Each structure stands twice: as structure tokens, then as C-alpha cells.
Number of protein chains: 2
Amino acid sequence: MNIGDVAERSGLPAKTIRYYEDIGLIRPKRGGNGYRAFGNADVHKLAFLGRARSLGFSIEECRALLALYEDEGRASSEVKQVAEEHLEQIDRKVAELQAMRTTLAKLIQRCYGDNRPDCPILDDLAGEDSATTAHG
Amino acid sequence: MNIGDVAERSGLPAKTIRYYEDIGLIRPKRGGNGYRAFGNADVHKLAFLGRARSLGFSIEECRALLALYEDEGRASSEVKQVAEEHLEQIDRKVAELQAMRTTLAKLIQRCYGDNRPDCPILDDLAGEDSATTAHG
DNA sequence: CCTTGACCTTCCAGTTGCTGGAAGGCGCAT
DNA sequence: ATGCGCCTTCCAGCAACTGGAAGGTCAAGG
């Protein structure tokens, strides 16, 4: 199978597949013409990676998950730990974004948004401590 | 004022301040020794930038906000629009993370996390369509 | 047989927002 | 003069790709 087919079947762009080979996530064979020659196992791995990435796992986490996947003797606790750490990471990120959201929404609400220059959003950013401020 | 003082007063690392000069967010003067010579206005701008960044505005959004801040004739609607677009961006990101979170939490819950190899998390990533699967 | 076009290859650069480090200059105290 | 702590510039690297240039390959059509 050539990279174009694999891209279609795995849902990943060809560029990304080449990149994944570069960083050692997959090791497709090569044909006599220099083209990558993928097998079904490669497609399967790539789809695995795509799903893991879509859950937000980093490349290194994906590498670890893939290794666990291929290790018949793994303990599911190892997988679970990777997943739990990632979940915590997500939760931290969500909390951070929610905090920003709260502050920003308050500022927006107080801004008239008309053609006059007075703006509580700018006032806040400028450090005028009116009411809302609660940054980083 | 030297960069060290400004870093302390603005809360931004010296490296970041130099970077902000590089990309044209600030334009401190220079003394005869080649050192940057900051004024209070620079410190103020940098603090503004720090707060905007802490609300998640991109550098380019910060640039726009700073320009609006310095434009006495601005309309607050312009500021509000920048802020509202950023708010929507945040909401999209939060939704994305929540979706990941939901899927991931379900998988984690179904994994025993013991020393046996069977693992619903890996099964899901491998594409075995049991129950939970719903990837991006 | 030759050309056309869609593939494939490699390599380099750019994205975002810094951060670290090397190599060297400046200013003050000893 | 020497040491220390500033300051300067420039180069590299992080994550995870993405775009594009320059060129090789392959199957089809004239």
C-alpha cells in the first residue's frame, strides 16, 4: 500500500504519516522504488495513533500507549495510569480556561460596545483596579 | 530603567520582554551603553500585555488591543469584538476538552487497572467498537 | 516512444510564544 | 586587575505538524 491509500484509510494526512515515521512511531518497509510499503498493521497502528491524538494524548503518551498495546504482558494499571494523568491534565486545562472565561465574560458584559472610547475591558487590562480584576 | 527592573515590575521575564521588542510590541529607547532604557510607559504596556496574555489573548490580539488602548478615538465596540471572538475561541476549546474528558473518563472507569493485560482503553484506541467510542 | 498528470520522495522553512544557553560587553566593588 | 552580576546578540529547541520546492516514478493516452 502506498502512503495515499494509508492516509485515506487511517484518516491521517500523508504529511503526518511521514512525520510519525520520522519520529519513530511507525516503521513501514520500503519498496524497490523507494516508496513506503505499508501493511495492514501499519494502517491499524496509525488509526490507533489518530484516536489517541484525538483524545489529546501527546505524541510521547501515544508512543507509550502504543508500546503498551503491543506488549502482550502489560498490566492494565499502566495504561490506566497514563490515561488518568492525561485526564488530570485536561482538567487543569479546563479549569484554566474556565477562569479566563469567567473574567473575560464579566468584562465583556460591562462594555457598552458602542462608538465611544470608554471601555472597561481596556481599563482592566491597563491595571485600573475597578471591580472585576482577577488575573493569572 | 534596565530590563531587570522592568522584568520585576511588570512580572514578565527579561527574555519575554526582549522578545516583545523583537516582534514590535514595545520600542524601548537605548542608552549610550547599548542597554535598553525603559520608561514607566513601557512598564505599563508590558503589564497590559501580561494581563492580556493571562486572559489567553494571542500575541496578535494583544497587538490589536494595545493599539486600541493607545488610540484615544477608538470605539469600545472594536475592543468588545476582539474580546467576544476570543471568548468564543475559549468556549470552543473548552467544549473540545470536555468531549475528550467525557470519553476518556468513561474508558478509565471501565478499566480495572490491575496487573492483567485486558484493557478497554487500549481496546477502544485500537478501534474495537465496544460501547464508548466517539472520537473527534 | 513520449508526454502528461498524479503519485511518490527528500529537505527546508514556518507556525506560536517563548526559553535556554553561548559568547561577549559594561559597571561597580575589592 | 579581577570578580560578579548585570546587560547585549544570536542560535537552537520545544510540540506537532504543515506548506512548498525540487525532483523521481508509474500508468495511461496519443
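Refer to the structure printed above.
If you're wondering where the values come from, they're calculated on a predicted model, not measured in any experiment.

### Digging into the protein's contact with DNA strand D
Lys15, Tyr20 and Arg53 of chain A together with Gly4 and Arg36 of chain B are the nearest of the 19 residues found near DNA strand D. Between DNA strand D and Asn33 of chain A there is a distance of 3.2 Å, counted from a phosphate oxygen to a side-chain nitrogen or oxygen. The contact in question runs from a phosphate oxygen of DNA strand D to an N or O atom on the side chain of Arg18 of chain B, over 3.1 Å. The element best represented in the surface near DNA strand D is helix α2 (residues 14-22) of chain A, accounting for four residues. Here the surface near DNA strand D is built from residues that sort into seven nonpolar, six polar and six charged.

### Description of the protein's contact with DNA strand C
Residues in contact with DNA strand C amount to 19 residues; listed here are only the nearest, Gly4 and Arg36 of chain A together with Lys15, Tyr20 and Arg53 of chain B. Backbone atoms, meaning sugar and phosphate, make up 68% of the atoms of DNA strand C lying within 4 Å of the protein. Between DNA strand C and Ile3 of chain A there is a distance of 3.5 Å, counted from a phosphate oxygen to a backbone nitrogen or oxygen. Contact distances for DNA strand C include 3.1 Å between a phosphate oxygen and a side-chain N or O atom of Arg18 of chain A. Those elements that place two or more of their residues in the surface near DNA strand C are α1 (3-10) and α2 of chain A together with α2 (14-22) of chain B.

### Some points on helix α3 (residues 40-54) of chain A
Between its first and last C-alpha, α3 of chain A extends 21 Å over 15 residues, near the 21 Å set by a 1.5 Å rise per residue. Those residues of α3 of chain A that are buried are in contact with α1, α2, β2 (36-37) and α4 (59-70) of chain A together with α6 (120-125) of chain B. Of the residues trailing α3 of chain A, Gly56 of chain A is marked for its positive phi of about 90°.

### Considerations on the relation of the copies chain A and chain B
Each copy of the sequence occupies a distinct position, and chain A is placed on chain B by a rotation of 180° and an axial shift of 0.0 Å, giving an RMSD of 0.1 Å. The transformation relating the two chain copies, once decomposed into turn and shift, fits a two-fold axis. Measuring from the rotation axis to each C-alpha of chain A, the shortest distance belongs to Val94 of chain A, at 3.0 Å. Of the interface residues in chain A, 100% have counterparts in chain B that sit at the interface too, so the contact is made through matching surfaces.

### Points about the packing of aromatic side chains
Taken as a whole and assessed by the stated rule, the structure comprises four aromatic pairs over all chains. Here the aromatic rings of Tyr19 of chain B and Tyr20 of chain B are separated by 6.0 Å at their centres, their planes lie at 45°, and the arrangement is tilted. Its relative accessible area of 6% is what places Tyr20 of chain B among the buried residues. For the cation-ring pair, Arg116 of chain A lies above Tyr112 of chain A, with the distance from its terminal atom to the ring centre recorded as 5.7 Å.

How each quantity is defined
- Residues numbered from 1 in each chain as written.
- Chains lettered and ligands numbered in written order.
- Predicted model: local features only at pLDDT ≥ 70, side-chain atom pairs only at ≥ 80, totals over all residues.
- Heavy atoms only, no water.
- Near = heavy atom within 4 Å.
- Polar contact = N/O pair within 3.5 Å; in protein donor to acceptor, adjacent residues only side chain to side chain.
- Helix = DSSP H or I, 4+ residues; strand = E, 2+ residues; numbered from the N terminus.
- Nonpolar A, V, L, I, M, F, W, Y, C, P; charged D, E, K, R; others polar.
- Expected span 1.5 Å × (residues − 1).
- Contact = heavy atoms within 4.5 Å.
- Least-squares fit on C-alpha atoms with pLDDT ≥ 70 in both.
- Phe/Tyr/Trp six-rings, centres within 6.5 Å; stacked < 30°, edge-to-face > 60°.
- Buried < 20%, exposed > 50% of the residue type's maximum accessible area, 1.4 Å probe, protein only.
- Lys NZ or Arg CZ within 6 Å of the ring centre and 35° of its normal.

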